[in-house]
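So you can see what is in the structure, the chains are spelled out below.
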Amino acid sequence: MDDIWLYCPGCKRKSRIKVYENTTLIHFPLYCHWCRKEFIISFVDKKMLMEKEKEISG
Ligand SMILES: [Zn+2]
């Protein structure tokens, strides 16, 4: 089972979120510590889909 590191849909850098190839995420809040944004993503069949970008205020 391979580890897959999710990439930030904004800055394309590696996030701290790891999934497996058979992991399924739906409406998952992916936080990027590089651009300090949260992205609502889904991860299905080894493909990540970005649904929404959310600015973190404060
Ligand atoms: Zn980012």
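Just so it is clear, the structure is predicted and the values come from calculations on it, not from any experiment. (Residues numbered from 1 in each chain as written. Predicted model: local features only at pLDDT ≥ 70, side-chain atom pairs only at ≥ 80, totals over all residues. Heavy atoms only, no water.)

Student: Looking at this model, I keep getting lost on the pattern of salt bridges. Mind explaining?
Tutor: Any two side chains of opposite charge can pair, on the condition that their charged atoms come close. Scanning all chains against the criterion turns up 3 salt bridges. One salt bridge connects Lys18 with Asp3, and the closest N-O pair in it is separated by 3.4 Å. A residue pair is termed long-range when its members are at least 10 positions apart, and Lys18 in strand E2 (residues 14–20) and Asp3 in strand E1 (residues 3–7) qualify at 15 residues. Judged by relative accessible area, which is 41%, Asp3 ranks as partly exposed. A salt bridge links Lys54 to Glu38; the nearest nitrogen and oxygen atoms lie 3.3 Å apart. Here Glu38 lies in strand E4 (residues 37–44) and Lys54 lies in strand E5 (residues 47–55), a separation of 16 residues in the sequence. The exposure class of Lys54 is partly exposed, given its relative accessible area of 41%. (Salt bridge = Lys/Arg side-chain N within 4 Å of Asp/Glu carboxyl O. Helix = DSSP H or I, 4+ residues; strand = E, 2+ residues; numbered from the N terminus. Buried < 20%, exposed > 50% of the residue type's maximum accessible area, 1.4 Å probe, protein only.)

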